[in-house]
Amino acid sequence: MFLHLGGDIVVLKKDIIAILDARTKNSAITREFIEISKDEGFIQPISNQDKEKSFVITSKEIYVSPISCTTLKKRSDNILENTDEE
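Okay, so let's go over this structure.

Scoring rules and cut-offs
Residues numbered from 1 in each chain as written. Predicted model: local features only at pLDDT ≥ 70, side-chain atom pairs only at ≥ 80, totals over all residues. Heavy atoms only, no water. Helix = DSSP H or I, 4+ residues; strand = E, 2+ residues; numbered from the N terminus. Expected span 1.5 Å × (residues − 1). Buried < 20%, exposed > 50% of the residue type's maximum accessible area, 1.4 Å probe, protein only. Arc of directions from axis to C-beta. Contact = heavy atoms within 4.5 Å. Salt bridge = Lys/Arg side-chain N within 4 Å of Asp/Glu carboxyl O.

In this section: helix H1 (residues 28-40). End to end, H1 covers 18 Å across 13 residues, agreeing with the expected 18 Å (1.5 Å per residue, within 8%). The set of residues buried in H1 consists of Thr30, Ile34 and Ser37. Looking straight down H1, one finds its buried side chains confined to an arc of 65 degrees; they lie on one side. Across from the buried face of H1, at angles greater than 90 degrees, the exposed residues are Ala28, Ile29, Asp39 and Glu40. In this structure, the buried residues of H1 make contact with strand E4 (43-45), strand E5 (54-58) and strand E6 (62-65). Looking one or two residues beyond H1, the residue adopting positive phi is Gly41, at roughly 85 degrees.

The structure is reproduced here in structure tokens:
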């Protein structure tokens, strides 16, 4: 199944490794990880920097999403519920 991250970006749920709240970049280790990822070209912004709410880490890229972790989790759970009903 797919998960919509905002804008025109949709990723396979099986490719998602982690979804982090954007506030975690206040942590030194997370900030370092994001900076290195940016330098290596793995960061894919979906929205303006002032609207970032979460980082979605996939097996290939890291997306900066304007959608909160809570909303992404709810979307993910709804996909599972809809699949179970079929």
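On to the side chain of Ser37, then. Examined against the element boundaries, Ser37 turns out to sit in helix H1. The buried category is assigned to Ser37, whose relative accessible area is 5%.

Attention shifts here to the environment of His4. Among the secondary structure elements, His4 is positioned in strand E1 (residues 2-6). Each C-alpha atom of the pair His4 and Arg31 lies 25 Å from the other, and the pair is 27 residues apart in sequence. Here His4 is in contact with Ile9, Val10, Ile67, Leu72 and Arg75, once residues within four sequence places are set aside.

Let's shift gears to the pattern of salt bridges. Applying the stated criterion to the full structure yields three salt bridges. Among the ionic pairs, Asp21 bridges to Arg23, the shortest N-O distance being 3.0 Å. What makes Asp21 partly exposed here is its relative accessible area of 22%. With a shortest N-O distance of 2.5 Å, Lys25 and Glu52 are connected by a salt bridge. Remark: Glu52 occurs in the loop between E4 and E5 and Lys25 occurs in the loop between strand E3 (16-21) and H1; sequence separation between them is 27 residues. What makes Glu52 buried here is its relative accessible area of 16%.

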